[in-house]
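Per-entry structural report
If you want the building blocks of each chain, they are given just below.
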Amino acid sequence: MWWRLLVLAVIGASGGAAVSAGIVALITTIGVVARLVGKSHTAEFAKHYETSITFGALAGTIVSLFPVSVPIGIVGLFLAGGSMGIFVGVLAMSLAESLNITSIYARRVRLSKGICYIILGIALGRGIGAFLQLSGFLNIDV
């Protein structure tokens, strides 16, 4: 009986490792960390960016798998939602920029001024949406 649980644990851990490797490969390929370091001129903190992404993924996995309750209050919720929104925004914009979607779209709609406001609006919308969902204001079950 115990060996069945051991086999299930090994299969589950192997699947999780494969998915994690794929996500890390995606983040590395589109250059999220390199883009953050380049735009913020903080090359000395590149290792901290990578470590934060790793610990964030680990924390997200633990919270997803186990019924963990973290009493962080409304301020902690605001900070967590903002951080998640920033990460998703940076990930989406890095992917879009690596595919040159932003420049292609701007040329097609003949947009010459204001692209920074569009990008800022997308980022703020994602951040506010994450905050509202995490605060419980929006009752969305995924």
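Below you will find a few notes about this structure. (Residues numbered from 1 in each chain as written. Predicted model: local features only at pLDDT ≥ 70, side-chain atom pairs only at ≥ 80, totals over all residues. Heavy atoms only, no water.)

1. Considering the packing of helix α2 (residues 32-40) against helix α3 (residues 46-65)
Running from N to C, α2 and α3 point in directions that differ by 140°, and their axes come no closer than 10 Å. Comparing their axes, α3 and α2 come out oblique. As α2 runs across α3, the sense of the crossing is right-handed. Across the interface between the two elements, V33, L36, V37 and S40 of α2 pack against A46, Y49, E50 and I53 of α3. For the contact of α2 with α3, the per-class residue count stands at six nonpolar, one polar and one charged. (Axes fitted to C-alpha atoms, helices over the stretch in contact; angles between N-to-C directions. Helix = DSSP H or I, 4+ residues; strand = E, 2+ residues; numbered from the N terminus. Parallel < 35°, antiparallel > 145°, perpendicular 65-115°, else oblique. Left-handed = near helix turned anticlockwise from the far one by under 90°. Contact = heavy atoms within 4.5 Å. Nonpolar A, V, L, I, M, F, W, Y, C, P; charged D, E, K, R; others polar.)

2. Looking at the packing of aromatic side chains
Applying the stated criterion to the full structure yields one aromatic pair. Taking the centre distance of 5.4 Å and the plane angle of 80° together, the rings of F78 and F131 count as edge-to-face. Here F78 is found in helix α4 (residues 73-98), whereas its partner F131 is found in helix α6 (residues 115-135), with 53 residues between them in sequence. Taking relative accessible area as the criterion, F131 reaches 23% and is therefore assigned partly exposed. (Phe/Tyr/Trp six-rings, centres within 6.5 Å; stacked < 30°, edge-to-face > 60°. Buried < 20%, exposed > 50% of the residue type's maximum accessible area, 1.4 Å probe, protein only.)

Worth remembering: the numbers are spatial, not functional.
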